[in-house]
Amino acid sequence: MSRLVAGTLLVGLAVAPAAGQDRRAEVLRERAAYEEWLATSPVSPRRAIARPVLGDGLTLGPGDADVPLAGLSLAQLEEVGGTVRLRHEGTTRVLPRGRETALGAYRLVPLGRAGRTVVAIYGGALRGKAPSWYDYDPRLVLEATLEPPAQPGRVRVGTVDGLEAEATEAGTFAGALAGTGFRFTVRRVPADAEDAELEIHFRDATNGLGTYDAGRFVALEPLGNGRYRLDFNRARNPFCAYSSAFPCPAPWRGNAVTLPITAGERYAGGGLVVPAPGARE
Amino acid sequence: MTGALLFLAAAAVPPSPAGPWRAALDLAGGPLRFALEVAGRPGSWTGTLCNGGTCNPLSAVRVAGDSVVLEIGEYDATIAAALRGDSLVGAYRNVGNRGPRTIPFRAARGRWPAEPVDPRLVGRWHAEFLLDWEASPRLLEFRDTPRGLEGTVVGKGGDYGLFWGRTAADSFSMAHFDGSFVYMLTGRLDGDTLRGEFHAGLRGRTSWRAWRATDAPHLAPPTEVTRADTTAPFAFAFPDLDGRLVTNADPRFRGKVTIVDVFGTWCPTCHDAAPLLVELYRDYRDRGLEIVGLAYEVTGDPATDGRLVRRYRDKFGITFPLLLAGRNDTEATAATLPQLEGFGAYPTTIFVGRDGRVRRVHAGFHGPAVPDLHARVVADFRRTVEALLAERTTP
């Protein structure tokens, strides 16, 4: 009996550090995959050339095209009944939304809803800087039950990748760091999609002083039974931080803490140095 | 001794991936089961991925040593795993526009058994998905087939594809995985009610409950917004850097073409756009162009924001008025510019005609990092300004 009790206690003590190590390893794997994608993907934000609105149609290629693309003969894009068509060198192709299509040395990705399509165009060498990160900090991993939103409903927000999306007010995540409480608005982006992330666009005292000036994004992890994990080690910059081809999403009201959250992605370059929330001259 | 040698010889030959596999993705909320089958021989492997009776060919199967890579080309997705005897262990990876998504994957040799289906489950159910504190209607369908439980989930945008799974006692689990969509419906029969979770992707979890359906739910299509109100002059009223109120009704804007630049000093793309606005103002001011910058800043504190905006003004040599419009969150911007529906990007350039009404809204900007496109947007802005300057004022 006593051996059983002792064994149970040992297991109980051992589980927490092991879980922490697993968590750290998972976050580091996720970062590595993201870095690899940014460095190698033909549709990496670091290869973004432009994101024109499709509107009544676009021409690509020659110098007098809407979007000049070196080495490409004339290509024409148009939207017919919500379908994006590409005409190039005598053939017509349908471009699937949200997926990349090769066109010469370039890649095209139609995004957004029918009638409001933008076409993301990628190509060329990597531009800008690779991401850098704070060391993983297990103290900046919180869990809580999501509270109902103060004002339920929909709101249009700028997304990480510079699109405009309708989001659902998903609730409030209340937590505390170093004895200081905070309440973050949580939104499902885009609205209604069960596989959409529950996102928080937050600002903290590191903004402009080592992290992206206009705040970072972090997605909550549902744990079941209404519980959620907020792991600041997974915080990332919007794509606007990598390339000016992406519009900068506007931060959300109220989602600021006066503490420095030294976790997640860092930032160097672009914009002016902006004082952190709560900072005074 | 001979036995040991035989064992070593066998271990040196990589195992073959050929044959059926009971595969699963380990979602945060439990395993999503599907079937894989690999056929062929070294150098010419093929494969299929099945959800119950629906099978699709894999675009490529690559085997090198104990590494097996299954490509689902249509979705730019891969399953990469290590083959260890009778098991495959690795990860499913699908690259979206916002980066890679990875879900743990494992498989064991053999086929999933076709298990008997609880007849109480079969048929149509009217479900409510509890998404973000709101009940959102769905239709569930469960069928008893020779392959076991099959069915689907129907939402306002159509169905979620064919689901396949099993029932056990009062519980069930069925899933759809086609290389891109990762859906799993789990639940339990509780009297006349079904209750459970809908799992989407690695982490998505949505609670739901359902009752026997009488007819299909009706769902309204999502609304589309985003445009500028052109029925009335575009109105703004904010303090300048000296605290003086500047409004669209001021004499300096009367009868002029006006560019309203919604910007923030924190926004790198806005820094890219500023030199063009300075050029336009220099070139067209005498012909009737006015520009006003509306700064949406981080702190909302006029002293701090004012200092930042002055630095921005001095950096670019801006001589048109820059106004402290407020904080840079979406709601604040939307509240201060009620005629601009669906604002969501910095910078946003609003072209206003001589009659004070919005003619065009341009979200975002191409910076000089891509010279051709920068030249294009420069020419585009110039054309717009020239066209608006050429318009006659309606008496």
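What counts, and at which threshold
Residues numbered from 1 in each chain as written. Chains lettered and ligands numbered in written order. Predicted model: local features only at pLDDT ≥ 70, side-chain atom pairs only at ≥ 80, totals over all residues. Heavy atoms only, no water. Helix = DSSP H or I, 4+ residues; strand = E, 2+ residues; numbered from the N terminus. Buried < 20%, exposed > 50% of the residue type's maximum accessible area, 1.4 Å probe, protein only. Contact = heavy atoms within 4.5 Å. Areas by Shrake-Rupley, 256 points an atom, 1.4 Å probe, with all protein chains shown as cover. Phe/Tyr/Trp six-rings, centres within 6.5 Å; stacked < 30°, edge-to-face > 60°. Lys NZ or Arg CZ within 6 Å of the ring centre and 35° of its normal. Domains from an automatic or database assignment. Buried area = accessible area lost by both parts, 1.4 Å probe. Salt bridge = Lys/Arg side-chain N within 4 Å of Asp/Glu carboxyl O. Polar contact = N/O pair within 3.5 Å; in protein donor to acceptor, adjacent residues only side chain to side chain. Nonpolar A, V, L, I, M, F, W, Y, C, P; charged D, E, K, R; others polar. Disulfide = S-S within 2.5 Å. Expected span 1.5 Å × (residues − 1). Pairing = 2+ DSSP bridges. Axes fitted to C-alpha atoms, helices over the stretch in contact; angles between N-to-C directions.

1. Some thoughts on the overall build of chain B
Okay, so step 1: If you tally the helices and strands in chain B, you get five helices and 26 strands.
Okay, so step 2: Looking at chain B as a whole, 49% of its 395 residues are labelled buried.
Okay, so step 3: Partitioning the contacts of chain B with sequence separation of at least 6, the portion at a separation of at least 24 is 54%.
Okay, so step 4: Total accessible area on chain B stands at roughly 17,600 Å², and carbon and sulfur atoms take up 55% of it.

2. Points about the environment of B:Val89
All names here are of chain B.
Okay, so step 1: For Val89, the location among the structural elements is in strand β8 (residues 87-96).
Okay, so step 2: The spacing of Val89 and Ala24 is 65 residues in sequence and 9.9 Å in space, taken between C-alpha atoms.
Okay, so step 3: Beyond its immediate sequence surroundings of up to four residues, Val89 is in contact with Ala81, Ala82, Phe105 and Arg106.

3. Some points on the packing of aromatic side chains
Residues and elements named next belong to chain A.
Okay, so step 1: Per the stated rule, a full pass over the model turns up 26 aromatic pairs over all chains.
Okay, so step 2: For the ring pair Phe182 and Phe184, a centre distance of 4.6 Å and an interplane angle of 45° mean the geometry is tilted.
Okay, so step 3: Using a relative accessible area of 7% as the deciding quantity, one classes Phe182 as buried.
Okay, so step 4: Their ring planes at 45° and their centres at 6.1 Å tell us that Phe239 and Tyr242 sit as a pair that is tilted. Assigned by exposure class, Phe239 and Tyr242 land together as buried.
Okay, so step 5: Among the aromatic residues, ring-to-ring pairing joins Tyr34, Trp37, Trp133, Phe239, Tyr242 and Phe246 into one connected group.
Okay, so step 6: Between Arg236 and the ring centre of Tyr34, over which it is positioned, the NZ or CZ distance is 3.7 Å.
Okay, so step 7: Over the ring of Tyr134 we find Arg266, and its NZ or CZ is 4.3 Å from the ring centre.

4. Structural notes on the domain arrangement of chain A
Residues and elements named next belong to chain A.
Okay, so step 1: Taken domain by domain, chain A holds domain 1 (1-44 + 128-281) and domain 2 (47-123).
Okay, so step 2: Taken together, the contacts link 14 residues of domain 1 with 12 residues of domain 2.
Okay, so step 3: Between domain 1 and domain 2, the buried area comes to about 1,000 Å², and carbon and sulfur atoms account for 53% of it.
Okay, so step 4: Ranking the residues of domain 1 by area buried against domain 2 places Pro42, Val43 and Leu163 at the top, with a combined share of 46%.
Okay, so step 5: In this assembly, domain 1 and domain 2 are joined by zero salt bridges.
Okay, so step 6: Applying the counting criterion to the domain 1 and domain 2 interface returns six residue pairs in polar contact (both at pLDDT 80 or more).
Okay, so step 7: Here the side of domain 1 that touches domain 2 is built from residues that sort into seven nonpolar, five polar and two charged.

5. Quick word on the state of the cysteines
Okay, so step 1: Within this structure, the stated rule accounts for two disulfides over all chains.
Okay, so step 2: Two residues, A:Cys240 and A:Cys248, share a disulfide whose sulfurs are 2.0 Å apart. Per residue, the accessibility class of A:Cys240 equals that of A:Cys248, and both read buried.
Okay, so step 3: Bridging B:Cys50 to B:Cys55, the disulfide has an S-S length of 2.0 Å. Taking the torsion about the sulfur-sulfur bond, which here is approximately 115°, the covalent link between B:Cys50 and B:Cys55 counts as right-handed.
Okay, so step 4: Taking the relative accessible area as the measure of exposure, B:Cys50 reaches 11% and is therefore buried.
Okay, so step 5: We classify B:Cys55 as partly exposed; its relative accessible area is 40%.

6. Describing helix α3 (residues 302-316) of chain B
An α-helix turns once every 3.6 residues. As a result, residues three or four positions apart point the same way.
Residue and element names in this part refer to chain B.
Okay, so step 1: Over its 15 residues, α3 extends 21 Å from the first C-alpha to the last, a length consistent with the 21 Å expected when each residue adds 1.5 Å.
Okay, so step 2: Within α3, the full set of buried residues consists of Thr304, Asp305, Gly306, Leu308, Val309, Tyr312 and Phe316.
Okay, so step 3: Positive phi shows up at Gly317, right after α3, with a value of about 65°.

7. Regarding the sheet that holds strand β16 (residues 227-231) of chain A
Residue and element names in this part refer to chain A.
Okay, so step 1: Strands sit in the order β10-β16-β15-β14-β13-β12-β11 across an open sheet of seven strands; the sheet is antiparallel. The two strands at the open ends of the sheet, each matched to only one other strand, are β10 (141-145) and β11 (154-158). Neighbour to neighbour, the strand axes of the sheet diverge by 45° on average, direction disregarded.
Okay, so step 2: Two elements, β10 and β16, share five bridges in a ladder whose sense is antiparallel. Paired with Val141 across the strands is Asp231, a residue of β16.

8. Description of unusual backbone geometry
Okay, so step 1: A cis geometry characterises the amide bond from A:Val189 onward to A:Pro190, with omega recorded as -5°.
Okay, so step 2: With respect to the element layout, A:Pro190 can be found in the loop between β13 (180-189) and β14 (197-202).
Okay, so step 3: The phi torsion at B:Asp132 lies on the positive side, around 55°, for a residue other than glycine.
Okay, so step 4: For B:Asp132, a relative accessible area of 11% corresponds to the buried category.
Okay, so step 5: Even without glycine at this site, B:Ala169 takes up a positive phi of about 55°.
Okay, so step 6: Looking at the element boundaries, B:Ala169 is found in the loop between β14 (163-168) and β15 (171-177).
Okay, so step 7: Under the relative-accessibility criterion, B:Ala169 is labelled exposed at 69%.

9. Thoughts on the pattern of salt bridges
As a working rule, side chains carrying opposite charge can pair if their charged atoms are close by.
Okay, so step 1: Going through the model one piece at a time under the given rule, you end up with 45 salt bridges over all chains.
Okay, so step 2: Note that A:Arg139 and A:Asp137 form a salt bridge whose closest N and O atoms lie 2.9 Å from each other.
Okay, so step 3: Each of A:Arg23, A:Glu26, A:Glu30, A:Glu221, A:Arg229, A:Asp231, A:Arg234 and B:Arg203 takes part in one network of salt bridges that share partners.

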